[in-house]
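Architecture at a glance
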Amino acid sequence: MLDLKWIRENPDDLDRGLLRRGKGALSSDILEADRQLRSLMTSLQALQARRNEASREIGTIRKAGGDAAVLSDEVADIKKRMTDMEAEQQSLQAALDDLLYSLPNMPDPDVPDGRDENDNVEVRRWGTPRSMDFTPLEHDAVGTSLGLMDFESAAKLSGARFVVLKGALSRLSRALAQFMLDTHTTDHGYTELNTPVMVLDNTLYGTGQLPKFAEDLFRTEQGHWLIPTAEVTLTNMVADQIVDSASLPRRMTAHTLCFRSEAGAAGKDTRGMIRQHQFEKVEMVSITRPEDSANELERMTGCAEKILQRLGLPYRVVLLCAGDMGAAARKTYDLEVWLPGQGRYREISSCSNVGDFQARRMKARYKPSGDKGTEFLHTLNGSGLAVGRTLVAVLENYQQADGSVTVPEALRPYMGGLEVISTHA
């Protein structure tokens, strides 16, 4: 959520930021809703003051034995008018809140302009795609030929966009998650948490998935929502808190199941494991002071990169343009891993600095050293990494001409020393 005071003082900056994101100007609508609400509140305060004054006068008159009927009628009328105005106030406040909740974050000045992924800017590359003397297969062909990736059984169980992994591939998926968690906790200073995968409405409001992106989520009949990412639970660990400045930055990581409806993804990545309703991800979240968040984004992105480097997977880092960023982000780097079966780079991680956008919604603050007041925290999140997509990348990059898959060295300790996955594994 953006600061209403900032919008009042910088309406043109708001509209310019919205324009950069491909949105229409909204400052005039917000300022008019704000004006109406503040005008009504001023009138309510005036009525309350008159009501209090008249009530005192009634007391004085009655104490002296006089007739206060006229004033009593006035107080009764004021009470009725105030009841009507308080209902109007609630309606105006809800309308203003809807406008504020609909706003995306403002992009950082160094975020490039652009409409979509075609306008993103490549920052750097790491690794050289392996030269293969055979035609590389896509991951689903590799997995099914090994007899260890079963989409047909998954479809019978759950429908489209699910998979059953078997044997060595199931263990490889588990190994990837353990390797990521061990690296982030041991080498990168993140604290591991095990959080719920079902949350309440206010939790998703805090991180910005609600109300705007409800169609992307799954909801139970009991009113819980299935999380689309552990960013939701990890970030909300500081909701409604005043965090001790000495404890910052807080760095948390979690491995969870994630659930997305993939609304609007009809026809996209219908084969394989790239885009599924249920998947696993190791998430990173940082809670920082405002002055530290820019550097923390670079650090977090580096932590995600380190996973790819240790797995020997070529990738590139892309700075997202204003029109391609998620609504809550002010600056985002995507990591795109090379997939030889597809012959292109595909997103495997997204690391974002959200600034105080989520903290305002969550009422998450800290008290700077030496100050009496509080300030809103900054929050950051990043995939470290998406487990399924990393499995995809390993299968495609480490496949051999005979259909087997070499296990990356970094994962062999988690695989009981297994070096090659084959039809006999």
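Keep in mind that this is a model prediction, so the values were computed, not measured. (Residues numbered from 1 in each chain as written. Predicted model: local features only at pLDDT ≥ 70, side-chain atom pairs only at ≥ 80, totals over all residues. Heavy atoms only, no water.)

So, on to the UniProt feature "coiled-coil region" (unreviewed entry) in the chain. Within this structure's numbering, the places UniProt gives as "coiled-coil region" (unreviewed entry) are residues 30-95. Split by type, residues 30-95 is 92% helix and 0% strand. Its first and last C-alpha atoms lie 9 Å apart. (UniProt positions renumbered as here; feature names shortened; annotations may be inferred. Helix = DSSP H or I, 4+ residues; strand = E, 2+ residues; numbered from the N terminus.)

Further remarks concern the packing of aromatic side chains. Applying the stated rule across the entire model yields four aromatic pairs. Summarising the aromatic geometry, the rings of Trp126 and Tyr315 are spaced 5.8 Å apart at their centres and angled 20° between planes, so their arrangement reads as stacked. Placement of the pair is Trp126 in strand S1 (residues 121-126) and Tyr315 in strand S11 (residues 315-319), with a sequence separation of 189 residues. For Trp126, a relative accessible area of 32% gives the class partly exposed. Each ring, one from Trp338 and one from Tyr345, has its centre 5.2 Å from the other, and the planes form 65°; the classification is edge-to-face. A single burial state applies to Trp338 and to Tyr345, both of which are buried. (Phe/Tyr/Trp six-rings, centres within 6.5 Å; stacked < 30°, edge-to-face > 60°. Buried < 20%, exposed > 50% of the residue type's maximum accessible area, 1.4 Å probe, protein only.)

Segmentation of the chain into domains returns domain 1 (4-102) and domain 2 (117-421). In this structure, domain 1 and domain 2 have C-alpha centres spaced 45 Å apart. Of the residues lining the interface, five residues belong to domain 1; the matching set on domain 2 comes to ten residues. On the domain 1 side of the interface with domain 2, the three residues burying the most area are Arg20, Arg21 and Tyr101, jointly 84% of the side's total. Applying the counting rule to domain 1 against domain 2 returns zero salt bridges. (Domains from an automatic or database assignment. Contact = heavy atoms within 4.5 Å. Buried area = accessible area lost by both parts, 1.4 Å probe. Salt bridge = Lys/Arg side-chain N within 4 Å of Asp/Glu carboxyl O.)

Another aspect to go through is the layout of surface pockets. Of the volumes computed, that of the second largest pocket is approximately 300 Å³. What lines the second largest pocket is a set of 17 residues, and nearest its centre among them are Val163, Leu165, Gln276, Gln278 and Glu280. Secondary-structure elements contributing two or more residues to the lining of the second largest pocket are helix H6 (151-158), strand S3 (164-165), helix H7 (167-186), strand S10 (278-288) and helix H12 (387-397). Among the residues making up the lining of the second largest pocket, the classes are represented as ten nonpolar, six polar and one charged. (1 Å grid on protein atoms, 1.4 Å probe; cavity = no way out; pocket = protein on both sides within 12 Å on 5 of 7 lines; lining within 4 Å. Points joined across faces, edges and corners; volume = space filled by probe spheres on them. Nonpolar A, V, L, I, M, F, W, Y, C, P; charged D, E, K, R; others polar.)

Looking at the secondary structure, you find Asn120 in the loop between helix H4 (69-102) and S1. You can call Asn120 buried: its relative accessible area is 17%. A polar contact of 2.9 Å, which involves the side chain of Asn120, links it to the side chain of Asp324. If we ignore the near neighbours within four places in the chain, the residues touching Asn120 are Val318, Leu319, Leu320, Cys321 and Asp324. (Polar contact = N/O pair within 3.5 Å; in protein donor to acceptor, adjacent residues only side chain to side chain.)

Moving on: the side chain of Ser245. By the element assignment, Ser245 lies in the loop between strand S8 (242-243) and strand S9 (250-259). Sequence-distant contacts of Ser245, defined by excluding residues within four places in its chain, comprise Arg289, Tyr366, Lys367 and Ser369.

Looking now at empty space enclosed by the protein. Gaps left between atoms are located by rolling a probe of water-molecule size over the structure's atoms. All chains considered together, the criterion is met by one cavity of 30 Å³ or more. Here the largest cavity is characterised by a volume of approximately 30 Å³. What lines the largest cavity is Ile274, Val337, Leu339, Arg346, Glu347, Ile348, Arg389 and Val392. In terms of residue count, the dominant contributor to the lining of the largest cavity is strand S13 (residues 344-355) (three residues). Residues that form the lining of the largest cavity fall into these classes: five nonpolar, no polar and three charged.

Moving on: the state of the cysteines. In the structure shown here, the tally under the stated rule is zero disulfides. Between Cys351, a free cysteine, and Cys303, which holds the nearest cysteine sulfur, the sulfur-to-sulfur gap is 8.6 Å. Residue Cys351 is classed as buried on the basis of its relative accessible area, which comes to 0%. (Disulfide = S-S within 2.5 Å.)

Moving on, we come to the pairing of S10. Burial of S10 is extensive: nine of the eleven residues sit out of reach of the surface. Sheet analysis places S10 next to strand S16 (residues 378-386), joined by seven bridges and oriented antiparallel. In the strand pairing of S16, Thr288 is matched with His378. (Pairing = 2+ DSSP bridges.)

What follows concerns the pattern of salt bridges. Applying the stated criterion to the full structure yields 28 salt bridges. The salt bridge involving Asp110 is made with Lys331; its shortest N-O contact spans 2.7 Å. Placement of Asp110 in the loop between H4 and S1 and of Lys331 in strand S12 (residues 331-339) is noted, with a sequence separation of 221 residues between them. Each of Arg50, Glu53, Glu57 and Glu74 takes part in salt bridges that share partners, so that together they form one network.

Regarding H6, its N-cap is Asp150, as a side-chain oxygen of that residue lies 3.2 Å from the backbone nitrogen of Glu152 further along. Count one or two residues on from H6 and you reach Gly159, which has phi positive near 100°.

Omega for the peptide link from Leu210 to Pro211 comes to 5°, which places this bond in the cis form. With respect to the helices, strands and loops of the structure, Pro211 is situated in the loop between helix H8 (201-207) and strand S6 (218-219). Cis peptide bonds are those with omega within 30 degrees of zero, and the linkage from Leu248 to Pro249 qualifies with 0°. Structurally, the position occupied by Pro249 is in the loop between S8 and S9. Positive phi is not limited to glycine here, since Asp240 has a value of about 60°. Residue position: Asp240 is located in the loop between helix H9 (231-235) and S8.

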